[in-house]
Amino acid sequence: MSKENTQNLFQEIISHCKEYGFVFPSSEIYDGLSAVYDYGPYGVELKKNIQEYWWKAMTQLHENIVGLDAAIFMHPKTWKASGHIDAFMDPLIDNKDSKRRYRADVLIEDALAKIEDKIEKEAEKAQKKFGDAFDKEKFLATNPNVIRSKEKLVAFETRFKKALEDNNLEELKQIIVDLEIACEVSGSKNWTEVRQFNLMFSTEVGSLAEDSSTIYLRPETAQGIFVNFLQVQKTSRKKIPFGIAQVGKAFRNEIVARQFIFRTREFEQMEMQFFVRPGTQKEWYDTWKEARMKWHRSLGFAQESLKFFDHIKLAHYADAAVDIQFNFPFGFKEIEGIHSRTDFDLKNHQEFSGKKLQYFDPETNESYIPYVVETSVGLNRTILAVLCNAYKNEKLEDGSERVVLSIPPFLAPVQIAVFPLMKKDGLGEKAYEVFNSLKWDFKCFYEEKDNIGKRYRRQDALGTPYCITIDHQTLEDNTVTIRERDTMQQERISIEKLKEVVSEKVDWRKGLR
Ligand code: ATP
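Quick caveat: nothing in here was measured; it's all calculated off a predicted structure.

S.K.: What's the story with the site of the ligand in this structure? I'm lost.
M.R.: Neighbouring the ligand are 16 residues, the closest being Glu254, Arg263, Thr264, Glu334 and Ile335. Between an oxygen atom of the ligand and a side-chain N or O atom of Glu334, the distance comes to 2.6 Å. Look at the ligand: alone it shows 590 Å² of surface, and the protein chains cover 88% of it. Among the secondary structure elements, those contributing two or more residues to the shell around the ligand are β10 (266-276), β13 (331-342) and β16 (371-378).

Shown next, in the form of structure tokens:
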């Protein structure tokens, strides 16, 4: 798909989210607040379903993972110990003509991705020219244009990696200049110097000025888990290896918050910290990498829509780190980070608090600070990925069009819509009876307005997997039609069987088994 088409598709998805009550710009009556969004009636259901699915996959399916819900505010020393006060920075750069602000590393990453795209396009072009006889591997290894692009890519990647490792801001600027990156708004290459910018929001706590002290809105949920690590371990009586899972808000004063709910300043993370014996972290890192990829696939994402991306620069706490990226309409971008965090956090909290955070291992009779493997996925980014993956504008056989959200049935905001074919002749009452009997087990929706075709279309646009229609035959033999969203096929089944049939279809366990 061309850049323009993917841009249009993304705009369509954003409009759809607003029109159908998934996501609204926040405080819109005051013209909204940049990069802040509210979740409407269907968005909040989808959000809760994804969150619950993650929670069950973590805590219910793993006997050695327990939950926690720590406060957003934490003692300010937490952030000194974690390194966030000194090192949670992004490099920013401004274009002097447009005054537009960018993250220097993101500008470079995007420019490098363009070189990769160019290589891929050369191969596609040659494939078209040579047809079946085309040998892609050979072409990539021998074509002079490709070789030149590859050499350029490797040279810039090497410089970029080193600049990030050395925190060399002048070199970052030089790479932007050498890559001839232009501002997308002004088109000019007139850049300021690169500066570091701390992403934490701070506020004051205390009623009197003299009592007040600066505290931070947590930039990640992980630290709430670390400071509670021993309490949780003791009260849940878990032995290493074990994990602590948490879902909650995090806040980052992002330099560039764009792309709808992909990057916002307030967002939700679903994090799990897995505590392991030192020396075994690599094994657990690999295990969790695979387990988390499997979870994402179970959301209905095709294999080619997901990929691993090894970090170019390791964060200050990590000895290995990988992202799981999803192919959004604006390209492959991070949806989850898996980090081997070593004993960095616990060791520092032990040092800064003066309290021992060691675990006594009954199997080895030793006390030690455990190593940690973290899985950290953004709830909002997962919602966006599910919506982008589900959104389809289909041309039907009869020439009409429909917008359908093919959300996996177990995540759908509404699972069953119940319609009387018409309101009269007692069909309305019968349909209401069916609705009332199903609502204990499923999220249901009742509607009697408009013709049945319009009602189906509306449910397709909300992603409702099953529509049940009550007609005159229902009054005679207690059967209804059940229509499946994606195939639009209808089947007649008896009312007594509805619960069993739908339960099977919306079963959340299918994807993970
Ligand atoms: P990025 O490189 O995109 O800024 P990150 O590497 O800083 O992300 P992590 O610190 O690994 O992100 O956070 C884990 C997850 O939290 C990310 O994979 C993402 O899904 C989510 N996340 C991070 N920042 C934001 C944000 N500003 N808005 C929405 N989700 C976010």
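S.K.: Just checking my understanding: could you explain the packing of helix α14 (residues 427-438) against helix α17 (residues 495-505) for this structure?
M.R.: A pair of packed helices is captured by two measures, namely the crossing angle of their axes and the spacing between those axes. At a closest axis distance of 11 Å, the pairing of α14 and α17 adopts a crossing angle of 40°. One element, α14, and the other, α17, form an angle in the oblique class. Along this stretch, α14 crosses α17, giving a crossing that reads as right-handed. Packed against α14, whose contacting residues are Lys430, Val434 and Leu438, the element α17 presents Ile495, Leu498 and Lys499 at the interface. Tallied by class, the residues present in the contact of α14 with α17 amount to four nonpolar, no polar and two charged.

S.K.: Help me understand the domain arrangement of the protein chain in this model?
M.R.: Interface size is commonly expressed as the accessible surface area that is lost when the partners come together. Taken as a whole, the protein chain is organised into domain 1 (1-73 + 216-395), domain 2 (89-198) and domain 3 (405-512). Computed over C-alpha atoms only, the centres of domain 1 and domain 2 are separated by 27 Å. Listed as interface residues are nine residues of domain 1 and, on the opposing side, 14 residues of domain 2. Interface area for domain 1 against domain 2, summed over the two sides, is near 1100 Å², with a carbon-plus-sulfur share of 58%. Where domain 1 touches domain 2, the interface holds two salt bridges.

S.K.: Could you clarify how one ought to interpret helix α7 (residues 144-165) in this entry?
M.R.: Three or four residues apart is the spacing at which side chains of an α-helix point the same way, because the helix has 3.6 residues per turn. With 22 residues, α7 should cover 32 Å at 1.5 Å per step; its first-to-last C-alpha distance of 32 Å lies within 8% of that length. Among all positions in α7, only Val146, Ser149, Leu153, Phe156, Phe160, Ala163 and Leu164 are buried. Projection of α7 onto a plane perpendicular to its axis shows the buried side chains occupying an angular sector of 125°, all on one side. Those residues of α7 that are exposed and aimed more than 90 degrees away from the buried face are Pro144, Arg148 and Glu151. Between the side-chain oxygen of the N-cap and the backbone nitrogen of Asn145 there are 2.9 Å, and the N-cap of α7 in question is Asn143.

S.K.: Help me out: how do you make sense of the environment of Gln11 in this one?
M.R.: Within the fold, Gln11 resides in helix α1 (residues 3-19). In this structure Gln11 comes out as partly exposed when scored by relative accessible area, which is 42%. In sequence terms Gln11 and Gln259 are 248 residues apart; their C-alpha atoms lie 9.8 Å from each other.

S.K.: Which parts of the structure should I look at to understand the sheet that holds strand β5 (residues 101-103)?
M.R.: Sheet architecture is open: three strands sit in the order β5-β4-β6, paired in antiparallel fashion. Each of the sheet's edge strands pairs with one partner strand only, and the pair in question is β5 and β6 (195-198). Across the sheet, the axes of successive neighbouring strands diverge by a mean angle of 45°, strand direction being ignored. Packing of helix α5 (residues 104-130) onto the sheet brings it into contact with β4 (89-94) and β5, and relative to β5 it is tilted by some 70°. With respect to the sheet, helix α8 (residues 169-178) is in contact with β4 and β6, its orientation differing from that of β4 by roughly 45°.

S.K.: Would you take a moment to explain the packing of α7 against α8 for this structure?
M.R.: Their axes nearest at 9 Å, the elements α7 and α8 cross at an angle of 155°. By the criterion of interaxial angle, the relationship of α7 to α8 is roughly antiparallel. In this structure, α7 meets α8 at a crossing whose hand is left-handed. Contacts between α7 and α8 involve Phe156, Arg159, Phe160, Ala163 and Leu164 from the first element and Glu171, Leu172, Gln174, Ile175 and Asp178 from the second.

S.K.: Quick question: what am I supposed to make of the environment of Val247 here?
M.R.: Position of Val247 among the secondary structure elements: in strand β9 (residues 242-251). Through-space distance from the C-alpha of Val247 to that of Val377 is 9.6 Å; in sequence the pair is 130 residues apart. Residue contacts for Val247: discarding those within four places in its chain leaves Gln51, Trp54, Trp55, Asp69, Glu268, Gln269 and Met270.

S.K.: Looking at this structure, I do not really get the sheet that holds strand β3 (residues 65-67). What am I missing?
M.R.: Where strands meet in a sheet, backbone hydrogen bonds hold them as pairs that are either parallel or antiparallel. Across the sheet, seven strands lie side by side as β3-β9-β10-β16-β13-β12-β11; this open sheet has mixed pairing. Whereas interior strands pair on both sides, the edge strands pair on one side only; in this sheet they are β3 and β11 (306-310). Direction aside, the axes of adjacent strands within the sheet are offset by 25° on average. Relative to β13, strand β12 (residues 320-328) is paired through nine bridges, and the arrangement is antiparallel. In the sheet register, Val322 faces β13, and the bridge partner there is Ile338. Each of β3, β9 and β10 is contacted by helix α10 (residues 229-236), which is oriented at about 135° to β9, the strand it contacts most.

S.K.: Help me understand the side chain of Gln281 in this model?
M.R.: Looking at the secondary structure, you find Gln281 in helix α11 (residues 281-297). Within the local environment of Gln281, its side chain forms a polar contact with the backbone nitrogen of Gly279, the two atoms lying 2.8 Å apart. Within the local environment of Gln281, its side chain forms a polar contact with the side chain of Asp319, the two groups lying 3.4 Å apart.

S.K.: What is the right way to look at the nonpolar core in this model?
M.R.: The nonpolar side chains of a soluble globular protein tend to be buried with one another. By size, the foremost hydrophobic cluster in this structure holds 65 residues, and its most contacted members are Phe22, Leu46, Ile50, Trp54 and Trp295. Viewed by domain, this core spans two of them, domain 1 (1-73 + 216-395) and domain 3 (405-512), each represented by three or more residues. When neighbours within four sequence positions are excluded, Trp54 is seen to be in contact with Ala245, Gln246, Val247, Met270, Glu271, Met272, Arg292, Trp295 and Val377. Counting residues in each nonpolar core, the second largest holds 22 residues, with Ile93, Leu153, Ile176 and Leu179 among its members.

S.K.: What is the right way to look at α10 in this model?
M.R.: Those residues of α10 that fall on the buried side of the exposure criterion are Phe229, Leu230, Val232 and Gln233. All buried residues of α10 lie within an arc of 165° about the axis, which places them on one face of the element. Residues of α10 that are exposed and point over 90 degrees away from its buried face: Gln231, Lys234 and Thr235. Those residues of α10 that are buried lie in contact with β3, α9 (222-227), β9, β10, α12 (344-353) and β14 (359-361). Phi for Arg237, located one or two positions after α10, is positive at around 55°.

Here is what the cut-offs are and how they apply
All residue numbers refer to position in the chain's written sequence, counted from 1. With the structure being a predicted model, the display of local features is reserved for residues of pLDDT at least 70 and the display and counting of side-chain atom pairs for 80 or more, all residues being used for whole-chain, interface and lining totals. Side-chain metrics in this entry use all non-hydrogen atoms of the structure; hydrogen atoms and water are not considered. Any residue with a non-hydrogen atom lying within 4 Å of a molecule or strand is treated as near it. Definition of a polar contact: a pair of N or O atoms within 3.5 Å, with one able to donate and the other able to accept a hydrogen when the atoms are protein atoms, and with sequence-neighbouring residues admitted only if both atoms are side-chain atoms. Here the Shrake-Rupley method, with its probe set to 1.4 Å, supplies the accessible areas, and only the displayed protein chains count as covering residues. Think of it this way: any DSSP run of H or I at least four residues long counts as a helix, any run of E at least two long counts as a strand, and we number them from the N terminus. For helices, the fitted axis covers only the stretch in contact; all axes are lines through C-alpha atoms, and the angles between them, taken along N-to-C directions, range from 0 to 180 degrees. For classification purposes, an angle smaller than 35 degrees is called roughly parallel, one larger than 145 roughly antiparallel, one from 65 to 115 roughly perpendicular, and anything else oblique. In a left-handed crossing the near helix is turned counterclockwise from the far helix by less than a right angle, and in a right-handed crossing that turn is clockwise. Should any heavy atoms of two residues lie within 4.5 Å, those residues are counted as being in contact. Asp, Glu, Lys and Arg are counted as charged, while Ala, Val, Leu, Ile, Met, Phe, Trp, Tyr, Cys and Pro are counted as nonpolar; the rest, among them Gly, fall into the polar class. Domain delimitation in this document rests on an assignment produced automatically or drawn from a domain database. Note on definitions: buried area is the accessible-area loss of two parts on being combined, 1.4 Å probe, summed for both. A side-chain nitrogen of Lys or Arg and a carboxyl oxygen of Asp or Glu constitute a salt bridge if their distance falls within 4 Å. In this scheme, a helix's expected span is set at 1.5 Å multiplied by one less than its residue total. Buried residues are those whose accessible area, probed at 1.4 Å on protein chains only, stays under 20% of the maximum for their type, while exposed residues exceed 50% and partly exposed ones sit between those limits. Directions pointing from the helix axis toward each C-beta atom define the arc. Strand pairing requires that DSSP identify at least two bridges connecting the strands. Remark: nonpolar core denotes a set of buried residues (Ala, Val, Leu, Ile, Met, Phe, Trp, Tyr, Cys) joined through side-chain atoms within 4.5 Å.

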